[in-house]
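Survey of secondary and tertiary structure
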Amino acid sequence: VSSEMLPACGETSNVERKQDISEDQGKNQKPGLGEGIEPVSKRQMKKLMKQKQWEEQRELRKQKRKEKRKRKQLERQCQLESNSDGGDRKRIRRDVVHSTLRLIIDCSFDSLMVLKDIKKLHKQIQRCYAENRRALHPVQFYLTSHGGQLKKNMDENDKGWVNWKDIHIKPEHYSEFIKKEDLIYLTSDSPNVLKELDESKAYVIGGLVDHNHHKGLTYKQASDHGIDHAQLPLGDFVKMNSRKVLAVNHVFEIILEYLETRDWQEAFFTILPQRKGAVPTDKACESSSHDKEFATAEGGLNSDSSEEENSRNEQNSPHEEKRDKENSTASTVNSVPQ
């Protein structure tokens, strides 16, 4: 019996031994799995936390958007009810009287600008288009020499430009389809000052954002082509801290405003940005005279105070001489080697 039992016991012990070995291998393999996982950095942890918060707050954001839409609808309804005097856009659009004046943005300076300035010009043109669409007296808007970097930038960032209304976008130069005698180039370097707008004329604005790298270029081009030129009467109404060079959209908007008000000063002060430091010329004269008076008074005070200081210095001079002598003797004593 004992001889039969021994093999059976041996088999069970072998099975147990194999199980123990497999368990040990499993334990040894577990750390191996952990070794392949890279430790998460603080930045990654923050990103994961933000992502989690974003997911958790999704419903809240949805609710806020709904509330915002409802609030805007209510505001619109209130405006429509309160605008019984014809102040809403639909009624304004009915009163629009289109001007026969042609306003051209000359885009033939494309090669003189870097991409950053091309993008700025694109934004200014967008602003001109939007303001002309809103204006009570919209002009005949032309965009000429359209191509190169500007067209490429518009194709990439503003594909809707092909559907723009009430605008003539042409790849040709303006001189190819408008008579020379009808053209007036608006440039701040011109000696001629514009007093009135002739609505039978075509006014050209140079589409150039150059940060004063090409001073007098538009004036030179107009002169070379034998085109009449003029500058807006800015100096007659406005005193500015900076040069009288305005952005494309500012010139465009000033003309639109003048067509509505027929008042240059009102047009300038409605459109010019505050950073230009524009003040009316009469106020500028008053302030300059006041500054002169203040300067002369201040000069008188300064002269009196200087006389007093001189007298004090004369009184203190003997004491200072004594101190200087004492300091010199002390320095000579200290300089003698021990």
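Residues numbered from 1 in each chain as written. Predicted model: local features only at pLDDT ≥ 70, side-chain atom pairs only at ≥ 80, totals over all residues. Heavy atoms only, no water.

**Digging into the layout of surface pockets**
The computed volume of the largest pocket comes to approximately 820 Å³. The wall of the largest pocket is formed by 33 residues, among which S188, L208, V245, L246 and A247 lie closest to the centre. Of all the secondary structure elements, the ones that give two or more residues to the lining of the largest pocket are β5 (202–206), α7 (217–224) and α9 (248–261). If one sorts the elements of the lining of the largest pocket by residue count, α9 sits on top with 4 residues. (1 Å grid on protein atoms, 1.4 Å probe; cavity = no way out; pocket = protein on both sides within 12 Å on 5 of 7 lines; lining within 4 Å. Points joined across faces, edges and corners; volume = space filled by probe spheres on them. Helix = DSSP H or I, 4+ residues; strand = E, 2+ residues; numbered from the N terminus.)

**Notes on helix α10 (residues 264–271)**
Considered for burial, the residues of α10 that qualify are W264, A267, F268 and I271. What you see down the axis of α10 is that its buried residues fit within an arc of 95°, all on one side. If you follow the buried residues of α10, they end up packed against α8 (234–237), β7 (238–239) and α9. N-capping of α10 is provided by D263, with a side-chain oxygen placed 3.1 Å from the backbone N of Q265. (Buried < 20%, exposed > 50% of the residue type's maximum accessible area, 1.4 Å probe, protein only. Arc of directions from axis to C-beta. Contact = heavy atoms within 4.5 Å. Polar contact = N/O pair within 3.5 Å; in protein donor to acceptor, adjacent residues only side chain to side chain.)

**A look at a positive patch on the surface**
Taken together, the side chains of K42, R43, K46, K47 and K50 define a basic patch exposed on the protein surface. Counting through the fold element by element, K50 comes out in helix α2 (residues 42–56). Judged by relative accessible area, K50 falls into the exposed class, the value being 60%. (Patch = residues over 30% accessible without salt bridge, like charges linked within 9 Å, V, L, I, M, F, W, Y side chains within 5 Å. Areas by Shrake-Rupley, 256 points an atom, 1.4 Å probe, with all protein chains shown as cover. Salt bridge = Lys/Arg side-chain N within 4 Å of Asp/Glu carboxyl O. Lys, Arg positive; Asp, Glu negative; His and termini not counted. Charge placed at Lys NZ, Arg CZ, Asp CG, Glu CD.)

**Quick word on the UniProt feature "active site" (unreviewed entry) in the protein chain**
What UniProt calls "active site" (unreviewed entry) maps, in this numbering, to D210. Within the structure, D210 has its side chain in polar contact with the backbone nitrogen of H214 (distance 2.9 Å). (UniProt positions renumbered as here; feature names shortened; annotations may be inferred.)

**What about the packing of helix α5 (residues 115–134) against α9?**
Direction vectors running N to C along α5 and α9 enclose 15°, while the axes themselves pass 8 Å from each other. By the angle between their axes, α5 is roughly parallel relative to α9. In this structure, the crossing between α5 and α9 has a hand that is right-handed. Contacts between α5 and α9 pair L121, Q124, R127, C128, E131 and N132 from the former with V248, N249, F252, E253 and L256 from the latter. Across the contact of α5 with α9, the residue classes break down as 5 nonpolar, 3 polar and 3 charged. (Axes fitted to C-alpha atoms, helices over the stretch in contact; angles between N-to-C directions. Parallel < 35°, antiparallel > 145°, perpendicular 65-115°, else oblique. Left-handed = near helix turned anticlockwise from the far one by under 90°. Nonpolar A, V, L, I, M, F, W, Y, C, P; charged D, E, K, R; others polar.)

**Details of the packing of aromatic side chains**
One pass over the full model with this rule turns up 7 aromatic pairs. Between the aromatic rings of F237 and F268, the centroid separation amounts to 6.3 Å while the plane-to-plane angle is 45°, which identifies the pairing as tilted. Within this pair, whereas F237 is found in helix α8, its partner F268 is found in helix α10, the two being separated by 31 residues in sequence. A relative accessible area of 25% means that F237 is categorised as partly exposed. Note on F268: relative accessible area 0%, which makes it buried. (Phe/Tyr/Trp six-rings, centres within 6.5 Å; stacked < 30°, edge-to-face > 60°.)

**Some points on the confidence of the model for the protein chain**
Averaged over every residue, the pLDDT of the protein chain is 77; the share at 70 or more is 67%. Every residue in residues 30–34 scores below 50 in pLDDT, and together they form 0 contacts with partners more than four places removed in sequence or on other chains. Across residues 86–92, confidence stays below pLDDT 50; counting only partners more than four residues off in sequence or on other chains, it has 9 contacts. (pLDDT = per-residue confidence, 0-100.)

**Some thoughts on the pattern of salt bridges**
Across all of its chains, the model carries 10 salt bridges by this definition. Linking D182 and R102 is a salt bridge whose minimum nitrogen-to-oxygen distance equals 3.6 Å. Placement of the pair is D182 in the loop between β3 (167–169) and β4 (183–186) and R102 in strand β1 (residues 102–106), with a sequence separation of 80 residues. Assigned by exposure class, D182 and R102 land together as buried. One connected set of salt bridges, linked through shared partners, spans R127, E131, R134 and E253.

**Topic: unusual backbone geometry**
Of note, D166 is a non-glycine position whose phi angle comes to about 55°, a positive value. Its location among the elements puts D166 in the loop between α6 (148–157) and β3. Residue R262 is not a glycine yet carries a positive backbone phi of 55°. The topology assignment puts R262 in the loop between α9 and α10.

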